[in-house]
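Chain residues, written in single-letter form:
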Amino acid sequence: MEYVRPKKHLGQHFLKDLRVAEAIADTVDAAPGLPILEVGPGMGVLTQFLARKGRELRVVEIDRESVAYLRENFNAFESEESIIGDDFLKMDLRETFGGRPFVLTGNYPYNISSQIFFKMLDYKEYIPCCTGMIQREVAERLAAKPGTKAFGILTVLVQLWYDVEYLFTVPPGVFNPPPKVQSAVVRMTRNSTSDPGCDTALLTRIVKQAFQQRRKMLRGSLRGLIPENHEFSTKRPEQLGVADFIRLTNDIASRL
C-alpha cells in the first residue's frame with residue numbers, strides 16, 4: 001500500500017510538511033518522559049517524529065486503511081498492539097498505558113476536535129498534557145480571554161483544569177487536501193487545581209445554559225437561578241472569568 005486516500009467523512013486532512021510535523025512533535029517535550037498517545041496518525045507523518053522521542057508510543061486510528069498502512073510501513077512500534085484500530089471517543093483511556101498518565105497529541109480531525117477535548121476533561125487525571133493541531137477557530141476558543149467573542153463553553157471548562165498556550169498558526173497548504181480554514185497548534189498543561197471549590201457538575205450545567213443564549217444578560221439566560229439584583233445579573237457570559245463562574249456556581253448552589 002503506497003498511499004491512503006483522505007476521507008471527507010472522517011475529517012481527514014493529512015499533514016505533508018515535515019517541518020510542521022516536527023514542530024508539533026516537539027510540543028510534547030513540555031511533559032518529558034511520559035508515554036505518548038497520538039490520535040489520528042493517518043500515514044504517520046507526525047508519528048515518525050514522535051517515535052524519535054524515545055518514549056512508549058501508541059496511536060489510535062479509526063480508518064482501517066490507515067491502520068493497514070501503518071502496520072505495513074512503520075517499524076517504530078514495539079508491538080502490533082501499539083497501533084489501536086478504534087474510535088478514540090469510545091475508548092476507556094484509563095487502561096491505554098496500564099493506568100499511567102500520558103501525553104495526548106495529534107493532528108486532530110476537525111469535525112471532532114471539541115469532542116476530543118471534552119473527553120480529555122473526563123480523563124484529566126491521566127492526561128497532564130495535551131498538544132496538537134486543530135482548526136484555528138477552536139484554538140482561539142481554547143485560549144480565549146474573558147470579554148472576547150471566542151470565550152465560550154469550551155474555554156471555561158478547559159481553563160478550569162488546564163493552562164492553555166496558543167503556539168503557532170499553520171496555513172492550509174501544508175495539508176492534503178488543504179482545508180478551507182487556518183489551523184493552529186496548542187498545548188494544554190494541567191494547572192494546580194485539584195478541587196475548584198464548587199460542584200463541577202452544576203458549574204458545567206450553568207456554563208452551558210449561560211452560553212446557549214450568550215447575547216442575553218445572565219438574568220435572562222439563568223432566569224430562576226439568580227435573582228435580579230445578583231452582582232452578575234446584567235453581565236453576559238463571556239464577561240465572566242473562570243473564577244467568576246465558580247463563585248456564581250456556589251451562589252446558585254446555596255439557593256437550590
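Above this text sits the structure in question.
Being a predicted model, the structure only gives us computed values, none of them experimental.

Rules used in this analysis
- Residues numbered from 1 in each chain as written.
- Predicted model: local features only at pLDDT ≥ 70, side-chain atom pairs only at ≥ 80, totals over all residues.
- Heavy atoms only, no water.
- Helix = DSSP H or I, 4+ residues; strand = E, 2+ residues; numbered from the N terminus.
- Contact = heavy atoms within 4.5 Å.
- Core = buried A, V, L, I, M, F, W, Y, C linked by side-chain atoms within 4.5 Å.
- Buried < 20%, exposed > 50% of the residue type's maximum accessible area, 1.4 Å probe, protein only.
- Pairing = 2+ DSSP bridges.
- Axes fitted to C-alpha atoms, helices over the stretch in contact; angles between N-to-C directions.
- Salt bridge = Lys/Arg side-chain N within 4 Å of Asp/Glu carboxyl O.
- 1 Å grid on protein atoms, 1.4 Å probe; cavity = no way out; pocket = protein on both sides within 12 Å on 5 of 7 lines; lining within 4 Å.
- Points joined across faces, edges and corners; volume = space filled by probe spheres on them.
- Nonpolar A, V, L, I, M, F, W, Y, C, P; charged D, E, K, R; others polar.

*Asks:* So what's going on with the side chain of S113? Which residues, and what values?
*Replies:* The residue S113 is located in helix α4 (residues 113-122) in this model. With sequence-adjacent residues up to four places away left out, S113 is seen in contact with I134 and V138.

*Asks:* I'd like a rundown of the nonpolar core, residues and numbers included.
*Replies:* Ranked by size, the top nonpolar core spans 52 residues in total, and within it L104, F117 and L248 carry the most contacts. Counting only elements with at least two residues in this core, the list comes to β2 (36-39), α4, β6 (129-135), α5 (136-143), α6 (153-159), β9 (183-190), α7 (200-212) and α9 (242-255). Setting aside residues no more than four positions away along its own chain, L248 makes contact with I206, L218, L222, I226, H230, F232 and L240. Counting 28 residues, the second-largest nonpolar core is a separate cluster that includes A25, L34, L70 and F77.

*Asks:* Please give an account of the sheet that holds strand β4 (residues 83-84) that cites residues and values.
*Replies:* Strands sit in the order β4-β3-β2-β5-β6-β9-β7 across an open sheet of 7 strands; the sheet is mixed. Either end of the sheet is taken by a strand with one partner, and the two such strands are β4 and β7 (162-170). As judged from the 2 bridges shared by strand β5 (residues 103-106) and β6, these two strands associate in the parallel manner. Residue pairing for β6: L104 is matched across the bridge by C130. α4 rests against β2, β5, β6, β7 and β9 of the sheet, and its axis sits at about 165 degrees to β6.

*Asks:* Explain the pattern of salt bridges to me, and be specific about the residues and the numbers.
*Replies:* Across all of its chains, the model carries 12 salt bridges by this definition. Close ionic contact of R187 with E165 constitutes a salt bridge, the shortest N to O distance being 3.0 Å. With R187 in strand β9 and E165 in strand β7, the pair connects residues that are 22 residues apart, well separated along the chain. The class for E165 is partly exposed, based on a relative accessible area of 33%. One salt-bridge network, in which partners are shared between bridges, spans D26, D29 and K53.

*Asks:* Outline the layout of surface pockets, listing residues and values.
*Replies:* What the second largest pocket holds in volume is close to 240 Å³. Taken together, F118, L121, D122, K124, L157, L160, W161, T200, A201, T204 and K208 make up the lining of the second largest pocket. Of all elements in the fold, only α4 and α7 reach the threshold of two or more residues within the lining of the second largest pocket. If one sorts the elements of the lining of the second largest pocket by residue count, α7 sits on top with 4 residues. By residue class, the composition of the lining of the second largest pocket is 6 nonpolar, 2 polar and 3 charged.

*Asks:* Help me get a handle on the packing of α4 against α5, residues and values and all.
*Replies:* For the pair α4 and α5, interaxial distance at closest approach is 10 Å and the crossing angle is 35 degrees. When α4 is examined against α5, the residues S113, S114 and F117 are found in contact with a partner set consisting of V138, R141 and L142. A breakdown of the residues in the contact of α4 with α5 according to their chemical character gives 3 nonpolar, 2 polar and 1 charged.

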